[in-house]
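What follows is the residue order along each chain.
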Amino acid sequence: MKKRYEETIVGIATGFSKGAISIIRLSGDEAIKIANSVFKGKNLEKVESHTVSYGHIIDYKTREPIDEVLVSVFKEPRTYTKENVVEINCHGGVFVTNQIYENLLIAGAKPAEPGEFTKRAFLNGRIDLTKAEAVMDIIDAENKNAVKLANAGLSGKIANTIRSLRQDVVNILAVISVNIDYPEYDDVEELTNTELLPKLIEIKQFIENLLENSKSAKYLKEGINVAIIGKPNVGKSSLLNLLLGESRAIVTDIPGTTRDIIEAKVNINNITLNLLDTAGIRSTTDIVEQIGVEKAKESINKADLVLMVIDTSQVLDSEDLSLYNMVEGKPHILIGNKSDLTKKADLSLYNNEIVYISALKNEGLSNLENKITEVVFGEKGTIQDATYISNARQVAKLNDALNALNEAIAKCYEQEYVDIIDIHIREAYLALGEIIGDGSIDSLIDELFSKFCLGK
Ligand code: GDP
(Lines give C-alpha, C1' and ligand atoms only; values in the text may rest on other atoms or scores of the structure.)
Protein backbone atom coordinates (compact mmCIF):
# COMPACT_ATOMS: atom_id res chain seq x y z
CA MET A 1 0.00 0.00 0.00
CA LYS A 2 1.21 3.47 -0.82
CA LYS A 3 2.30 5.40 2.22
CA ARG A 4 0.20 8.46 2.95
CA TYR A 5 2.64 10.39 5.10
CA GLU A 6 5.65 12.40 4.14
CA GLU A 7 6.53 13.65 7.56
CA THR A 8 8.34 11.85 10.32
CA ILE A 9 6.65 12.33 13.66
CA VAL A 10 7.98 12.25 17.19
CA GLY A 11 6.09 11.81 20.44
CA ILE A 12 6.84 11.14 24.08
CA ALA A 13 5.17 7.76 24.48
CA THR A 14 5.37 7.67 28.25
CA GLY A 15 3.69 11.01 28.94
CA PHE A 16 4.95 14.11 30.66
CA SER A 17 5.69 12.91 34.15
CA LYS A 18 8.70 11.79 36.09
CA GLY A 19 9.42 8.06 35.99
CA ALA A 20 12.25 5.55 35.84
CA ILE A 21 12.46 5.72 32.08
CA SER A 22 10.82 7.66 29.28
CA ILE A 23 10.24 6.42 25.77
CA ILE A 24 10.37 8.79 22.86
CA ARG A 25 9.03 7.37 19.66
CA LEU A 26 9.63 8.37 16.04
CA SER A 27 7.79 7.12 12.98
CA GLY A 28 8.26 7.89 9.30
CA ASP A 29 10.70 7.56 6.43
CA GLU A 30 13.33 9.67 8.14
CA ALA A 31 12.93 8.23 11.63
CA ILE A 32 16.22 6.35 11.67
CA LYS A 33 18.13 9.14 9.98
CA ILE A 34 16.81 11.78 12.37
CA ALA A 35 17.53 9.65 15.45
CA ASN A 36 21.00 8.95 14.15
CA SER A 37 21.72 12.66 13.75
CA VAL A 38 21.51 13.14 17.54
CA PHE A 39 22.95 9.76 18.55
CA LYS A 40 26.47 8.87 19.54
CA GLY A 41 27.12 5.16 19.35
CA LYS A 42 26.64 2.73 16.49
CA ASN A 43 25.50 4.13 13.16
CA LEU A 44 21.75 3.53 13.48
CA GLU A 45 21.32 3.63 9.73
CA LYS A 46 23.49 0.53 9.50
CA VAL A 47 22.13 -1.57 12.36
CA GLU A 48 19.83 -4.54 11.80
CA SER A 49 16.11 -4.02 12.12
CA HIS A 50 14.52 -4.90 15.46
CA THR A 51 17.71 -4.42 17.45
CA VAL A 52 18.61 -2.28 20.44
CA SER A 53 21.72 -0.09 20.50
CA TYR A 54 23.39 1.51 23.50
CA GLY A 55 24.73 5.07 23.24
CA HIS A 56 24.12 8.72 24.03
CA ILE A 57 21.78 11.37 22.73
CA ILE A 58 23.74 14.49 21.98
CA ASP A 59 22.68 18.06 21.37
CA TYR A 60 21.99 18.56 17.68
CA LYS A 61 24.03 21.76 17.50
CA THR A 62 26.63 21.71 20.29
CA ARG A 63 27.14 17.91 20.16
CA GLU A 64 27.20 17.89 23.98
CA PRO A 65 25.84 14.67 25.51
CA ILE A 66 22.31 14.91 26.92
CA ASP A 67 21.55 11.42 28.21
CA GLU A 68 22.61 7.80 28.15
CA VAL A 69 20.04 5.82 26.15
CA LEU A 70 18.96 2.58 24.55
CA VAL A 71 17.65 2.99 21.03
CA SER A 72 15.46 0.41 19.30
CA VAL A 73 15.34 0.48 15.52
CA PHE A 74 12.44 -1.06 13.63
CA LYS A 75 12.59 -0.90 9.87
CA GLU A 76 9.42 -0.84 7.81
CA PRO A 77 7.15 -2.62 7.13
CA ARG A 78 7.11 -4.92 10.19
CA THR A 79 6.47 -2.11 12.66
CA TYR A 80 3.60 -0.59 14.63
CA THR A 81 2.88 1.98 11.94
CA LYS A 82 4.27 0.07 8.92
CA GLU A 83 6.81 2.92 8.72
CA ASN A 84 10.34 3.13 10.07
CA VAL A 85 10.04 3.38 13.83
CA VAL A 86 12.67 4.32 16.42
CA GLU A 87 12.15 4.17 20.16
CA ILE A 88 14.55 5.91 22.48
CA ASN A 89 14.60 4.77 26.10
CA CYS A 90 16.11 7.56 28.15
CA HIS A 91 16.15 8.45 31.84
CA GLY A 92 12.69 9.42 32.99
CA GLY A 93 13.23 13.02 34.03
CA VAL A 94 10.82 15.53 32.55
CA PHE A 95 13.58 17.96 31.64
CA VAL A 96 15.89 15.46 30.00
CA THR A 97 13.02 13.86 28.10
CA ASN A 98 11.95 17.23 26.77
CA GLN A 99 15.48 18.09 25.74
CA ILE A 100 15.76 14.94 23.66
CA TYR A 101 12.31 15.55 22.20
CA GLU A 102 13.22 19.13 21.26
CA ASN A 103 16.45 18.04 19.64
CA LEU A 104 14.57 15.53 17.52
CA LEU A 105 12.28 18.37 16.42
CA ILE A 106 15.31 20.48 15.52
CA ALA A 107 16.69 17.48 13.63
CA GLY A 108 13.60 17.48 11.42
CA ALA A 109 10.80 15.52 13.10
CA LYS A 110 7.29 16.96 13.54
CA PRO A 111 5.39 16.72 16.82
CA ALA A 112 2.91 13.83 16.73
CA GLU A 113 -0.76 14.57 17.28
CA PRO A 114 -2.51 12.55 19.98
CA GLY A 115 -3.15 9.07 18.63
CA GLU A 116 -1.21 9.74 15.45
CA PHE A 117 0.96 6.61 15.63
CA THR A 118 -2.13 4.44 15.80
CA LYS A 119 -3.84 6.53 13.14
CA ARG A 120 -0.92 5.88 10.83
CA ALA A 121 -1.09 2.17 11.62
CA PHE A 122 -4.73 2.31 10.49
CA LEU A 123 -4.23 4.47 7.41
CA ASN A 124 -1.20 2.45 6.35
CA GLY A 125 -3.41 -0.61 6.44
CA ARG A 126 -1.81 -2.49 9.33
CA ILE A 127 -4.84 -2.47 11.61
CA ASP A 128 -8.54 -1.91 11.11
CA LEU A 129 -10.58 0.64 13.02
CA THR A 130 -11.77 -1.80 15.66
CA LYS A 131 -8.16 -2.56 16.53
CA ALA A 132 -7.23 1.12 16.57
CA GLU A 133 -10.10 1.82 18.93
CA ALA A 134 -9.12 -1.16 21.06
CA VAL A 135 -5.70 0.41 21.57
CA MET A 136 -7.37 3.55 22.92
CA ASP A 137 -9.74 1.45 25.03
CA ILE A 138 -6.83 -0.42 26.63
CA ILE A 139 -5.24 2.88 27.57
CA ASP A 140 -8.54 4.11 29.04
CA ALA A 141 -9.39 0.86 30.82
CA GLU A 142 -10.15 1.21 34.51
CA ASN A 143 -10.66 -2.40 35.48
CA LYS A 144 -9.74 -5.96 34.54
CA ASN A 145 -12.89 -6.52 32.52
CA ALA A 146 -12.40 -3.38 30.47
CA VAL A 147 -8.92 -4.61 29.52
CA LYS A 148 -10.37 -7.99 28.59
CA LEU A 149 -12.95 -6.33 26.36
CA ALA A 150 -10.39 -4.13 24.67
CA ASN A 151 -8.17 -7.14 24.05
CA ALA A 152 -11.03 -8.81 22.19
CA GLY A 153 -10.93 -5.83 19.85
CA LEU A 154 -7.17 -5.98 19.54
CA SER A 155 -7.14 -9.68 18.77
CA GLY A 156 -9.29 -9.00 15.74
CA LYS A 157 -12.24 -10.92 17.12
CA ILE A 158 -14.63 -8.02 16.64
CA ALA A 159 -13.34 -7.25 13.16
CA ASN A 160 -13.70 -10.91 12.18
CA THR A 161 -17.26 -11.05 13.45
CA ILE A 162 -18.16 -7.93 11.49
CA ARG A 163 -16.40 -9.18 8.37
CA SER A 164 -18.33 -12.41 8.38
CA LEU A 165 -21.58 -10.51 8.92
CA ARG A 166 -20.72 -8.36 5.95
CA GLN A 167 -20.04 -11.45 3.92
CA ASP A 168 -23.54 -12.68 4.75
CA VAL A 169 -24.96 -9.37 3.59
CA VAL A 170 -22.97 -9.55 0.35
CA ASN A 171 -24.34 -13.03 -0.25
CA ILE A 172 -27.86 -11.64 -0.12
CA LEU A 173 -26.95 -8.80 -2.45
CA ALA A 174 -25.52 -11.37 -4.83
CA VAL A 175 -28.83 -13.25 -4.84
CA ILE A 176 -30.59 -10.01 -5.71
CA SER A 177 -28.11 -9.18 -8.47
CA VAL A 178 -28.53 -12.59 -10.04
CA ASN A 179 -32.28 -12.15 -10.05
CA ILE A 180 -32.13 -8.69 -11.49
CA ASP A 181 -29.71 -9.80 -14.16
CA TYR A 182 -31.58 -12.96 -15.06
CA PRO A 183 -35.20 -12.14 -15.65
CA GLU A 184 -36.23 -15.79 -15.68
CA TYR A 185 -36.09 -15.53 -11.91
CA ASP A 186 -38.55 -12.71 -11.92
CA ASP A 187 -40.96 -14.16 -9.40
CA VAL A 188 -40.41 -11.35 -6.94
CA GLU A 189 -42.75 -12.71 -4.34
CA GLU A 190 -40.96 -16.02 -4.21
CA LEU A 191 -37.59 -14.31 -4.12
CA THR A 192 -38.46 -12.13 -1.15
CA ASN A 193 -40.31 -14.78 0.79
CA THR A 194 -38.07 -17.77 0.32
CA GLU A 195 -34.68 -16.25 -0.33
CA LEU A 196 -34.38 -12.83 1.21
CA LEU A 197 -36.55 -12.78 4.29
CA PRO A 198 -35.13 -15.78 6.15
CA LYS A 199 -31.58 -14.62 5.49
CA LEU A 200 -32.29 -11.02 6.49
CA ILE A 201 -34.00 -12.14 9.66
CA GLU A 202 -31.09 -14.36 10.58
CA ILE A 203 -28.61 -11.49 10.21
CA LYS A 204 -30.91 -9.12 12.07
CA GLN A 205 -31.09 -11.53 15.00
CA PHE A 206 -27.35 -11.92 15.04
CA ILE A 207 -26.92 -8.14 15.23
CA GLU A 208 -29.53 -7.88 17.97
CA ASN A 209 -27.56 -10.43 19.90
CA LEU A 210 -24.37 -8.46 19.49
CA LEU A 211 -26.15 -5.33 20.68
CA GLU A 212 -27.48 -7.17 23.70
CA ASN A 213 -23.96 -8.27 24.58
CA SER A 214 -22.72 -4.75 24.09
CA LYS A 215 -24.91 -3.69 27.00
CA SER A 216 -23.02 -6.02 29.30
CA ALA A 217 -19.83 -4.64 27.84
CA LYS A 218 -20.88 -1.09 28.65
CA TYR A 219 -21.68 -2.14 32.19
CA LEU A 220 -18.29 -3.75 32.53
CA LYS A 221 -16.52 -0.67 31.35
CA GLU A 222 -18.52 2.07 32.98
CA GLY A 223 -20.36 0.36 35.80
CA ILE A 224 -24.09 0.11 36.24
CA ASN A 225 -26.38 2.70 37.71
CA VAL A 226 -28.24 1.23 40.65
CA ALA A 227 -31.23 2.65 42.51
CA ILE A 228 -32.27 1.32 45.89
CA ILE A 229 -35.97 1.79 46.45
CA GLY A 230 -38.59 0.67 48.93
CA LYS A 231 -41.05 1.95 51.50
CA PRO A 232 -39.87 3.84 54.54
CA ASN A 233 -38.16 1.69 57.17
CA VAL A 234 -37.72 -1.41 55.06
CA GLY A 235 -33.95 -1.07 55.48
CA LYS A 236 -32.69 0.84 52.44
CA SER A 237 -30.06 2.84 54.23
CA SER A 238 -29.03 -0.22 56.23
CA LEU A 239 -28.48 -2.06 52.96
CA LEU A 240 -26.61 0.90 51.54
CA ASN A 241 -24.35 1.00 54.58
CA LEU A 242 -23.82 -2.71 54.31
CA LEU A 243 -22.78 -2.37 50.68
CA LEU A 244 -20.57 0.60 51.45
CA GLY A 245 -19.18 -0.91 54.60
CA GLU A 246 -17.76 -3.88 52.84
CA SER A 247 -14.48 -2.02 52.39
CA ARG A 248 -14.80 -1.75 48.60
CA ALA A 249 -16.71 1.46 48.64
CA ILE A 250 -15.30 4.71 47.42
CA VAL A 251 -17.72 7.29 48.73
CA THR A 252 -17.35 10.59 47.02
CA ASP A 253 -19.28 13.15 45.06
CA ILE A 254 -18.91 11.97 41.53
CA PRO A 255 -20.84 14.01 39.03
CA GLY A 256 -22.84 11.67 36.86
CA THR A 257 -23.27 12.00 33.15
CA THR A 258 -26.63 13.63 33.70
CA ARG A 259 -27.43 16.25 36.29
CA ASP A 260 -27.87 13.67 39.02
CA ILE A 261 -25.19 12.85 41.50
CA ILE A 262 -23.76 9.40 41.86
CA GLU A 263 -22.72 9.45 45.44
CA ALA A 264 -21.02 6.15 45.83
CA LYS A 265 -19.27 3.54 43.77
CA VAL A 266 -18.99 -0.01 44.96
CA ASN A 267 -17.09 -2.82 43.28
CA ILE A 268 -18.78 -6.20 43.28
CA ASN A 269 -17.18 -9.15 41.51
CA ASN A 270 -15.41 -6.69 39.21
CA ILE A 271 -18.57 -4.79 38.40
CA THR A 272 -18.79 -1.20 39.46
CA LEU A 273 -22.14 -0.22 40.95
CA ASN A 274 -22.85 3.49 40.68
CA LEU A 275 -25.30 3.99 43.51
CA LEU A 276 -27.75 6.71 42.58
CA ASP A 277 -29.54 9.08 44.88
CA THR A 278 -27.89 7.77 47.98
CA ALA A 279 -28.15 11.22 49.48
CA GLY A 280 -31.90 10.96 49.11
CA ILE A 281 -31.92 7.68 50.94
CA ARG A 282 -29.75 8.97 53.72
CA SER A 283 -31.41 12.28 54.38
CA THR A 284 -34.83 10.79 54.89
CA THR A 285 -36.17 7.48 56.00
CA ASP A 286 -39.27 8.33 54.12
CA ILE A 287 -38.28 8.36 50.52
CA VAL A 288 -41.67 7.51 49.11
CA GLU A 289 -43.73 9.86 51.23
CA GLN A 290 -41.37 12.78 51.46
CA ILE A 291 -39.80 12.77 48.06
CA GLY A 292 -42.82 11.27 46.44
CA VAL A 293 -43.65 8.56 44.02
CA GLU A 294 -42.47 10.80 41.20
CA LYS A 295 -39.00 10.88 42.65
CA ALA A 296 -38.96 7.10 43.01
CA LYS A 297 -40.00 6.85 39.37
CA GLU A 298 -37.19 9.18 38.39
CA SER A 299 -34.63 7.04 40.21
CA ILE A 300 -36.01 3.93 38.55
CA ASN A 301 -35.78 5.54 35.14
CA LYS A 302 -32.17 6.53 35.62
CA ALA A 303 -31.14 3.14 36.89
CA ASP A 304 -29.86 0.19 34.88
CA LEU A 305 -30.73 -2.02 37.82
CA VAL A 306 -33.21 -1.46 40.64
CA LEU A 307 -32.76 -3.00 44.05
CA MET A 308 -36.21 -3.05 45.59
CA VAL A 309 -36.24 -3.66 49.31
CA ILE A 310 -39.18 -5.27 51.11
CA ASP A 311 -39.52 -5.73 54.85
CA THR A 312 -40.38 -9.41 55.23
CA SER A 313 -41.39 -8.94 58.87
CA GLN A 314 -44.38 -6.86 57.80
CA VAL A 315 -47.46 -7.72 55.84
CA LEU A 316 -47.15 -6.36 52.34
CA ASP A 317 -49.36 -3.41 51.54
CA SER A 318 -50.51 -1.43 48.54
CA GLU A 319 -47.47 0.81 48.75
CA ASP A 320 -45.12 -2.14 48.26
CA LEU A 321 -47.24 -3.26 45.36
CA SER A 322 -47.35 0.08 43.63
CA LEU A 323 -43.56 0.32 43.89
CA TYR A 324 -43.28 -3.19 42.51
CA ASN A 325 -45.46 -2.23 39.57
CA MET A 326 -43.05 0.57 38.83
CA VAL A 327 -39.99 -1.69 38.65
CA GLU A 328 -41.62 -4.33 36.53
CA GLY A 329 -40.14 -4.32 33.06
CA LYS A 330 -36.86 -2.93 34.36
CA PRO A 331 -33.96 -5.16 35.43
CA HIS A 332 -34.51 -5.50 39.15
CA ILE A 333 -33.85 -7.60 42.19
CA LEU A 334 -36.35 -8.02 45.00
CA ILE A 335 -34.63 -8.03 48.33
CA GLY A 336 -36.48 -9.51 51.29
CA ASN A 337 -34.82 -7.72 54.18
CA LYS A 338 -35.07 -8.42 57.93
CA SER A 339 -34.84 -12.16 57.39
CA ASP A 340 -33.75 -12.42 61.02
CA LEU A 341 -37.32 -11.60 62.11
CA THR A 342 -40.42 -13.76 61.79
CA LYS A 343 -41.71 -13.69 58.24
CA LYS A 344 -45.10 -12.07 57.83
CA ALA A 345 -44.99 -10.94 54.24
CA ASP A 346 -46.81 -13.15 51.80
CA LEU A 347 -44.30 -13.09 48.97
CA SER A 348 -46.18 -15.42 46.68
CA LEU A 349 -47.54 -12.23 45.17
CA TYR A 350 -44.14 -11.62 43.67
CA ASN A 351 -43.39 -13.94 40.89
CA ASN A 352 -39.71 -13.10 41.00
CA GLU A 353 -37.04 -14.89 42.88
CA ILE A 354 -36.37 -13.02 46.09
CA VAL A 355 -32.99 -12.62 47.72
CA TYR A 356 -33.31 -12.77 51.49
CA ILE A 357 -30.94 -10.74 53.57
CA SER A 358 -30.60 -9.27 56.99
CA ALA A 359 -28.98 -5.90 56.60
CA LEU A 360 -28.82 -5.61 60.38
CA LYS A 361 -27.06 -8.91 60.93
CA ASN A 362 -25.00 -8.75 57.74
CA GLU A 363 -26.47 -11.94 56.34
CA GLY A 364 -27.14 -12.83 52.74
CA LEU A 365 -24.92 -10.19 51.17
CA SER A 366 -22.94 -12.65 49.07
CA ASN A 367 -26.20 -14.08 47.70
CA LEU A 368 -27.20 -10.59 46.74
CA GLU A 369 -23.85 -9.96 45.07
CA ASN A 370 -24.14 -13.16 43.07
CA LYS A 371 -27.65 -12.23 42.04
CA ILE A 372 -26.43 -8.83 40.85
CA THR A 373 -23.75 -10.39 38.63
CA GLU A 374 -26.27 -12.91 37.36
CA VAL A 375 -28.76 -10.20 36.41
CA VAL A 376 -26.08 -8.17 34.68
CA PHE A 377 -24.31 -10.97 32.84
CA GLY A 378 -26.71 -13.82 32.66
CA GLU A 379 -26.44 -17.05 34.55
CA LYS A 380 -22.74 -17.59 34.29
CA GLY A 381 -22.24 -14.29 36.04
CA THR A 382 -19.06 -13.52 34.14
CA ILE A 383 -18.01 -12.16 30.82
CA GLN A 384 -18.54 -15.03 28.43
CA ASP A 385 -16.91 -16.15 25.27
CA ALA A 386 -19.21 -14.10 23.08
CA THR A 387 -18.24 -11.05 21.08
CA TYR A 388 -18.67 -7.92 23.13
CA ILE A 389 -18.65 -4.70 21.20
CA SER A 390 -18.06 -2.07 23.81
CA ASN A 391 -16.95 0.92 21.80
CA ALA A 392 -19.74 3.52 21.58
CA ARG A 393 -19.05 4.42 17.96
CA GLN A 394 -19.11 0.79 16.92
CA VAL A 395 -22.37 0.23 18.80
CA ALA A 396 -23.94 3.22 17.02
CA LYS A 397 -22.93 1.86 13.61
CA LEU A 398 -24.27 -1.55 14.54
CA ASN A 399 -27.57 0.11 15.36
CA ASP A 400 -27.51 1.84 11.96
CA ALA A 401 -27.03 -1.54 10.30
CA LEU A 402 -29.89 -3.00 12.31
CA ASN A 403 -32.23 -0.15 11.36
CA ALA A 404 -31.38 -0.55 7.70
CA LEU A 405 -32.04 -4.30 7.88
CA ASN A 406 -35.34 -3.68 9.64
CA GLU A 407 -36.29 -1.38 6.78
CA ALA A 408 -35.32 -4.04 4.26
CA ILE A 409 -37.38 -6.63 6.13
CA ALA A 410 -40.40 -4.31 6.30
CA LYS A 411 -40.11 -3.70 2.56
CA CYS A 412 -39.99 -7.45 1.96
CA TYR A 413 -43.24 -7.87 3.85
CA GLU A 414 -44.76 -5.07 1.79
CA GLN A 415 -43.68 -6.95 -1.35
CA GLU A 416 -41.75 -3.92 -2.45
CA TYR A 417 -39.55 -3.99 -5.58
CA VAL A 418 -36.27 -5.79 -4.99
CA ASP A 419 -34.21 -2.81 -6.05
CA ILE A 420 -35.77 -0.83 -3.18
CA ILE A 421 -34.98 -3.64 -0.75
CA ASP A 422 -31.49 -3.74 -2.21
CA ILE A 423 -30.92 -0.10 -1.24
CA HIS A 424 -31.54 -0.80 2.44
CA ILE A 425 -29.37 -3.89 2.44
CA ARG A 426 -26.57 -1.84 0.93
CA GLU A 427 -27.00 0.70 3.71
CA ALA A 428 -26.55 -2.09 6.25
CA TYR A 429 -23.44 -3.20 4.42
CA LEU A 430 -21.97 0.28 4.54
CA ALA A 431 -22.75 0.75 8.24
CA LEU A 432 -21.04 -2.54 9.04
CA GLY A 433 -18.09 -1.43 6.93
CA GLU A 434 -17.74 1.73 8.95
CA ILE A 435 -17.24 -0.35 12.09
CA ILE A 436 -14.00 -1.73 10.72
CA GLY A 437 -13.14 1.49 8.89
CA ASP A 438 -14.16 0.43 5.43
CA GLY A 439 -17.11 2.56 4.53
CA SER A 440 -16.65 2.65 0.81
CA ILE A 441 -19.07 1.46 -1.80
CA ASP A 442 -15.96 0.51 -3.82
CA SER A 443 -15.29 -2.35 -1.47
CA LEU A 444 -18.83 -3.59 -1.99
CA ILE A 445 -18.39 -3.44 -5.72
CA ASP A 446 -15.06 -5.28 -5.45
CA GLU A 447 -16.67 -7.91 -3.27
CA LEU A 448 -19.64 -8.35 -5.54
CA PHE A 449 -17.44 -8.63 -8.58
CA SER A 450 -15.15 -11.12 -6.94
CA LYS A 451 -18.11 -13.15 -5.79
CA PHE A 452 -19.57 -14.39 -8.96
CA CYS A 453 -18.46 -14.69 -12.53
CA LEU A 454 -21.56 -14.46 -14.62
CA GLY A 455 -19.45 -14.32 -17.71
CA LYS A 456 -20.25 -10.73 -18.51
P1 GDP B 1 -35.03 2.85 55.35
O2 GDP B 1 -36.01 3.85 55.82
O3 GDP B 1 -35.63 1.97 54.32
O4 GDP B 1 -33.73 3.45 54.88
O5 GDP B 1 -34.72 1.86 56.57
P6 GDP B 1 -33.50 1.88 57.59
O7 GDP B 1 -32.31 1.26 56.97
O8 GDP B 1 -33.36 3.22 58.18
O9 GDP B 1 -34.06 0.84 58.66
C10 GDP B 1 -35.26 1.06 59.35
C11 GDP B 1 -35.18 0.28 60.64
O12 GDP B 1 -35.13 -1.12 60.37
C13 GDP B 1 -33.96 0.60 61.48
O14 GDP B 1 -34.35 0.64 62.82
C15 GDP B 1 -33.03 -0.57 61.18
O16 GDP B 1 -32.15 -0.84 62.28
C17 GDP B 1 -34.01 -1.68 61.02
N18 GDP B 1 -33.46 -2.73 60.17
C19 GDP B 1 -32.89 -2.60 58.97
N20 GDP B 1 -32.52 -3.79 58.48
C21 GDP B 1 -32.88 -4.72 59.38
C22 GDP B 1 -32.77 -6.15 59.45
O23 GDP B 1 -32.26 -6.83 58.57
N24 GDP B 1 -33.28 -6.75 60.54
C25 GDP B 1 -33.87 -6.06 61.55
N26 GDP B 1 -34.32 -6.74 62.57
N27 GDP B 1 -33.98 -4.73 61.52
C28 GDP B 1 -33.50 -4.05 60.46
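Below is a short write-up of the structure. On a predicted model such as this, the values are computed, not experimentally measured, just so you know.

**Regarding the overall build of the chain**
- When its secondary structure is counted, the chain shows 15 helices and 14 strands.
- Burial status across the chain gives 48% buried among its 456 residues.
- Look at the contacts in the chain between residues 6 or more apart in sequence, and 65% of them connect residues 24 or more apart.
- For the chain, the exposed surface amounts to about 22600 Å²; the carbon and sulfur share of it is 50%.

**Quick notes on the pattern of salt bridges**
- In the structure shown here, the tally under the stated rule is 17 salt bridges.
- The salt bridge partner of arginine 120 is glutamate 116, with a shortest N-O separation of 3.6 Å. With arginine 120 and glutamate 116 both in helix 3 (residues 116-123) and four residues apart, the pair spans about one turn of that helix. With respect to burial, arginine 120 and glutamate 116 carry one shared label: buried.
- A salt bridge links lysine 199 to glutamate 195, with the nearest nitrogen and oxygen atoms 3.2 Å apart. In this pair, lysine 199 and glutamate 195 are both assigned in helix 7 (residues 188-222), four residues apart and thus about one turn of the helix distant.
- With a relative accessible area of 31%, glutamate 195 lands in the partly exposed category.
- Each of Glu83, Glu116 and Arg120 takes part in a single network of salt bridges with overlapping partners.

**Structural notes on the side chain of glutamate 116**
- Judged by its relative accessible area of 10%, glutamate 116 is buried.
- Apart from the residues lying within four places of it in its own chain, the contact partners of glutamate 116 are Tyr5, Ile9 and Pro111.

**Things to note about the pairing of strand 6 (residues 85-91)**
- Most of strand 6 is tucked away: five of the seven residues are buried.
- Summarising the sheet, strand 2 (residues 21-27) and strand 6 pair through seven bridges and their orientation is antiparallel. Note that in strand 6 the partner of leucine 26 across the bridge is valine 86.
- When strand 5 (residues 65-74) meets strand 6, the two strands line up antiparallel, connected through five bridges. Bridged to valine 73 within strand 6 is valine 86.

**Considerations on helix 11 (residues 318-327)**
- Among the residues of helix 11, Asp320, Leu323, Tyr324, Met326 and Val327 are the ones counted as buried. When helix 11 is viewed along its axis, its buried side chains cluster within an angular range of 155° and face the same direction. Away from its buried face by more than 90 degrees, helix 11 exposes Ser318 and Asn325.
- Where helix 11 terminates, the next one or two residues include glycine 329, which has phi positive at roughly 90°.

Rules and cut-offs
Residues numbered from 1 in each chain as written. Predicted model: local features only at pLDDT ≥ 70, side-chain atom pairs only at ≥ 80, totals over all residues. Heavy atoms only, no water. Helix = DSSP H or I, 4+ residues; strand = E, 2+ residues; numbered from the N terminus. Buried < 20%, exposed > 50% of the residue type's maximum accessible area, 1.4 Å probe, protein only. Contact = heavy atoms within 4.5 Å. Areas by Shrake-Rupley, 256 points an atom, 1.4 Å probe, with all protein chains shown as cover. Salt bridge = Lys/Arg side-chain N within 4 Å of Asp/Glu carboxyl O. Pairing = 2+ DSSP bridges. Arc of directions from axis to C-beta.

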